[in-house]
Amino acid sequence: MRHVIALDVGGTGMKAALVGEDGTLLHEARRPTGRERGPEAVVATILGFAADLRDHGIREYGEPAAAAGVAVPGIVDDTAGIAVYAANLGWRDVPLRALVSERLGGIPVALGHDVRTGGLAEGRIGAGNGADRFFFLPLGTGIAGAIGIDGRIEAGAHGYAGEIGHIVVRPGGPLCGCGQRGCLETLASASAVSRAWAAASGDPDADAADCAKAVESGDPRALAVWREAIDALADGLVTGLTLLDPRVLIIGGGLAEAGDTLFGPLRAAVEERITFQKLPLIVPAALGDTAGCLGAGLLAWDLLSVEVTA
């Protein structure tokens, strides 16, 4: 059975799959990334995982994978196949595409940015299926975005397109890791809500999910934290939709798991802020934490379709 390898590398764990031509996940596996052992060990883990997946495909389906797709965090030069920089993995300028291809016997390999790769999957087979223009925004540890245009993801001239988390929405606000103050991700990411709720509740172990539950029970402290995050998020989103004019706005990540507790007030806050702009559909992501893996599989199949066309 013809298949490809898909790898989604995160800061703490890796998700992987063998993906069939129709997008079916034939085999799924997970491993810790092992970043505490250093960047070289992380690369070795990725290569070993890819090789094990190739061996599994040979055993189960009678042939090796035809291609592979790898999604990684940080700054990615997907054209050159270089993992340029990832703060949480500690690597710089890793020629990951070439390394994975060599380990897998020379098969074609695609390298992509994790959020853009997840956005590709959401746009083609998830919540944005059928939309010609969409913006995918996962609200997790940080905030980044993926701009979908006619079935592809726009990377930008330097690979930085979609970084809406670093739009300043509160000038002079909290210091961001990027060096600016008041960036969207310092106020509206899942980790930002966790920090704010831990401080407001007096429970250092409280997180964004706890805050959402407290909102649902009517806790005024939680309502204040939640409203501040939603107001900041709405301000950032209005800037984004003013620039991009998407048909669909897809919200994923940890905060999206709050469901209507997030989406009800967020839709209202965005609608309050727009003037001439068209209000896009604001919907939850459909693929959950499999989006990156499914997107990596799509990148791999795209490589093969390009080869056939060529």
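That block above? That's the structure.
Since this is a predicted model, take the numbers as computed values, not measurements. (Residues numbered from 1 in each chain as written. Predicted model: local features only at pLDDT ≥ 70, side-chain atom pairs only at ≥ 80, totals over all residues. Heavy atoms only, no water.)

**A look at the layout of surface pockets**
We apply this condition: Cavities and pockets were defined on a 1 Å grid built from protein atoms only: a cavity is a group of points that admits a 1.4 Å probe but offers it no way out, a pocket is an open group of points flanked by protein on both sides within 12 Å along at least five of seven lines, and a lining residue is one with an atom within 4 Å of any such point. Grid points are joined across faces, edges and corners, and a volume is the space filled by probe spheres set on the points. Here a helix means four or more residues in a row that DSSP labels H or I, a strand means two or more in a row labelled E, and each is numbered from the N terminus. Residue classes follow a fixed rule: Ala, Val, Leu, Ile, Met, Phe, Trp, Tyr, Cys and Pro count as nonpolar, while Asp, Glu, Lys and Arg count as charged, and any other residue, Gly among them, counts as polar.
Approximately 1,500 Å³ is the volume attributed to the largest pocket. Around the largest pocket sit 44 residues that line it, and Pro 73, Asp 114, Val 115, Thr 141 and Gly 142 are the ones nearest its centre. When contributions to the lining of the largest pocket are tallied by element, the ones reaching two or more residues are β1 (3-9), β6 (82-86), α3 (114-125), β9 (133-138), β12 (248-252) and α9 (291-309). Ranked by residues supplied to the lining of the largest pocket, first place goes to α3 with four residues. Taken together, the residues of the lining of the largest pocket sort by class into 20 nonpolar, 16 polar and eight charged. Quantified by volume, the second largest pocket comes out at close to 370 Å³. As for the second largest pocket, its lining consists of 19 residues, of which Asp 78, Leu 111, Leu 120, Leu 299 and Asp 302 are closest to the centre.

**Considerations on the sheet that holds strand β4 (residues 68-72)**
Rule in force here: Two strands pair if DSSP finds at least two bridges between them. Axes here mean lines fitted to C-alpha atoms, for a helix over just the part in contact, with angles spanning 0 to 180 degrees between N-to-C directions. Here, residues are in contact when the closest pair of their heavy atoms is within 4.5 Å.
Here five strands make up an open sheet; going across it, the order is β3-β2-β1-β4-β8 and the pairing mixed. The outermost strands of the open sheet, each flanked by one partner alone, are β3 (25-32) and β8 (109-113). Taking the axes of each pair of neighbouring strands and ignoring which way they run, one obtains an average angle of 15° across the sheet. As paired elements, β4 and β8 share five bridges and run parallel to each other. Counterpart to Val 70 in the pairing with β8 is Leu 111. Running over the sheet, helix α2 (residues 96-103) touches β4 and β8 and is turned about 145° from β8.

**A look at the pairing of β4**
As a reminder of what qualifies: In this scheme, a residue with accessible area under 20% of its type's maximum is buried, one over 50% is exposed, and one in between is partly exposed, where area comes from a 1.4 Å probe on protein chains only.
When you tally the buried positions in β4, you get five out of five residues, the bulk of the element. Residues Ala 68, Val 70 and Val 72 line one face of β4 and the alternating positions Gly 69 and Ala 71 line the opposite face, and both faces are buried. Pairing geometry for β1 and β4, over four bridges, is parallel. Across the sheet, residue Ile 5 finds its bridge partner in β4, namely Ala 68.

**Observations regarding empty space enclosed by the protein**
The final tally for this structure, using the stated rule, is one cavity of 30 Å³ or more. In this model, the largest cavity occupies a volume close to 30 Å³. In this structure, the largest cavity is lined by Trp 226, Ala 229, Ile 230, Leu 233, Leu 255 and Leu 262. The dominant element in the lining of the largest cavity, judged by the number of residues it contributes, is helix α7 (residues 220-244), at four residues. Considering only residue class, the lining of the largest cavity consists of six nonpolar, no polar and no charged.

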